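# A look at the structure
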Amino acid sequence: MITLGILTLIPHENNSYFDEIAKRAIRYNIDVFLFSPLSINPNTLLVSGLYFDNDLQKWSNKEYPIPEFLYDRCFYGEDRKSTEAGAIVSWLKSRSDITFLGYGLPNKWRLYESLIKCPEIAPYLPATKKASSPEKVIAEIKQHNEIILKPINGAHGYAVYALKLVNNTIKIQTTKQEQVIEKTFTNFEQAKIWLEKLLTKQIFLIQPRLDNRNKTGAPFDLRLLLQKDENGMWIERGRAIRTGSKDGLLTNISAGASVHSYESWCSNATEFNHSYLKNEINDLLSILPQQLETMFHPLFELGIDVIIAKNQSIWILDINSKPGRKIISLTNPDRMETLYEAPLAYCQFLASKIKTPIEDY
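Below is a short write-up of the structure. Every chain's residues receive numbers from 1 upward, in the order its sequence appears when written. A pLDDT threshold of at least 70 governs which residues receive local features in this predicted model, and a stricter bar of 80 or more applies before side-chain atom pairs are shown or counted, although totals over entire chains, interfaces and linings include all residues. Side-chain numbers here rest on the full set of heavy atoms in the structure, without hydrogens or water.

### Concerning the environment of Gly 49
Our working definition: In DSSP terms, a helix is any run of H or I states spanning at least four residues, a strand is any run of E spanning at least two, and both are numbered starting from the N terminus. When accessible area is computed with a 1.4 Å probe and restricted to protein chains, residues below 20% of their type maximum are described as buried, those above 50% as exposed, and intermediate ones as partly exposed. Any two residues having at least one pair of non-hydrogen atoms within 4.5 Å are treated as being in contact.
Along the polypeptide, Gly 49 turns up in strand β3 (residues 46-53). Here Gly 49 falls in the buried class, since its relative accessible area comes to 6%. Distance from Gly 49 to Leu 7, taken between C-alpha atoms, is 10 Å for residues 42 residues apart in sequence. Setting aside anything within four residues of it in sequence, one finds Gly 49 in contact with Leu 34, Phe 35, Ser 60, Asn 61, Lys 62 and Tyr 64.

### Re the packing of helix α3 (residues 108-115) against helix α7 (residues 274-295)
Our working rule: Structural elements are reduced to axes, namely lines fitted to C-alpha atoms, with helices fitted over the stretch in contact, and the angle between N-to-C directions of any two is expressed from 0 to 180 degrees. Just so you know how the angles are binned, under 35 degrees is roughly parallel, over 145 roughly antiparallel, 65 to 115 roughly perpendicular, and the rest oblique. Gly falls in the polar group here, along with every residue not listed as nonpolar (Ala, Val, Leu, Ile, Met, Phe, Trp, Tyr, Cys, Pro) or charged (Asp, Glu, Lys, Arg).
The contact between α3 and α7 brings their axes to 11 Å, and the two run at 105°. Taken together, the axes of α3 and α7 are roughly perpendicular relative to one another. Only Leu 288, Gln 291, Leu 292 and Met 295 of α7 make contact with α3, whose side of the interface consists of Leu 111, Ser 114 and Leu 115. Of the residues that constitute the contact of α3 with α7, the class distribution is five nonpolar, two polar and no charged.

### Some thoughts on helix α9 (residues 336-353)
Going by this rule: Under the convention used throughout, the expected extent of a helix is 1.5 Å for every residue step, that is, one less than its residue count. A residue's bend is simply the angle between two axes: one fitted to the seven residues ending at it, one to the seven starting at it.
Relative to the 26 Å expected for 18 residues at 1.5 Å per residue, α9 spans 27 Å between its end C-alpha atoms, a close match to the ideal helical length. By the largest-angle criterion, Ala 342 marks the main kink of α9, which is about 40°, and a proline, Pro 343, follows within four residues. Among the residues of α9, Met 336, Leu 339, Tyr 340, Glu 341, Ala 342, Pro 343, Leu 344, Ala 345, Tyr 346, Cys 347, Phe 349 and Leu 350 are the ones counted as buried.

### Observations regarding the sheet that holds strand β5 (residues 69-72)
So the rule is basically this: Any two strands with at least two DSSP-identified bridges between them are counted as paired.
Strands sit in the order β4-β3-β2-β1-β5-β6 across an open sheet of six strands; the sheet is mixed. Each end of this open sheet is capped by a strand with a single partner; those strands are β4 (58-65) and β6 (99-100). Across the sheet, helix α1 (residues 16-24) lies against β1 (2-7), β2 (30-35), β3, β4 and β5, angled at about 75° from β4, the strand it touches most.

As structure tokens, then:
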């Protein structure tokens with residue numbers, strides 16, 4: 001049997017996605033394990049985690065060797081536990097006897113620095129700079145009138161800020177608990193004091209705010225889900241439009257955004273040239289995954305967020321190597337079966353590629 005371990009920081013928390021993968025694993029001759037990187041004993045290198053019992057069709061506690069294949073679904077915070085787990089996962093990735101389905105992507109700044117050098121992809125990247133000082137942020141606001149501050153790491157968008165220059169005052173907008181919070185500074189000195197505190201918490205990037213608001217003033221974007229299939233080839237699993245609240249900032253589902261099928265959006269958004277957009281998006285998808293793997297490491301899946309601006313231009317907003325599946329479950333639930341089997345099919349493909357060395361006689 002092939003052994004596949006799913007890495008998560010919360011293995012004992014119910015997760016229907018992991019459950020459904022495990023239920024189907026027997027068809028692929030795979031035993032599935034579920035554990036936290038922190039549960040590896042450094043002395044014995046044995047794991048204290050969960051094992052899916054195919055006879056009982058449920059998870060059971062068990063101690064076992066580290067599985068030969070790993071599917072990393074760890075999401076890290078700023079706490080010490082996350083830092084320790086991240087270090088262990090990096091060590092696991094360095095081991096030649098362990099194969100990850102996907103080896104992940106670097107932070108947003110390293111991604112930008114690498115992709116901006118690619119002539120085919122650079123035109124789709126918003127101009128990005130590091131927020132190295134309050135003065136630099138203020139200078140960017142003066143140049144672009146409206147900018148976005150986003151963390152160099154992390155997902156879900158909760159630490160994203162929009163800063164806008166309005167009659168020499170700076171209006172700041174962010175989202176907390178699905179609510180838009182606004183603050184206004186009447187002069188640049190006040191804004192610098194606030195920025196000084198913000199920039200000590202984590203590293204932020206600066207981008208000009210792109211106009212992705214629809215007719216009602218709500219921000220929207222296109223989320224694309226890509227995975228490798230049973231032959232190791234990249235395939236698009238689905239796409240959907242995510243729409244945030246009116247006059248809001250975020251389009252993340254976790255922040256309360258609504259989701260619609262791409263087809264329904266095309267039917268309603270008649271102001272866009274959808275034939276042109278389709279060709280542009282397909283051209284981008286034909287290049288981006290392979291380019292990422294060339295620049296960094298092998299991958300299994302990608303969530304790509306694309307902004308479609310009012311002037312028909314398209315921009316890569318974010319690239320996530322640990323995407324969710326809500327756009328599929330909400331718009332095409334009949335495709336979920338394929339998503340449950342995808343990690344198993346790709347794991348089986350990887351296992352078939354590992355050859356036993358032949359001795360020379």
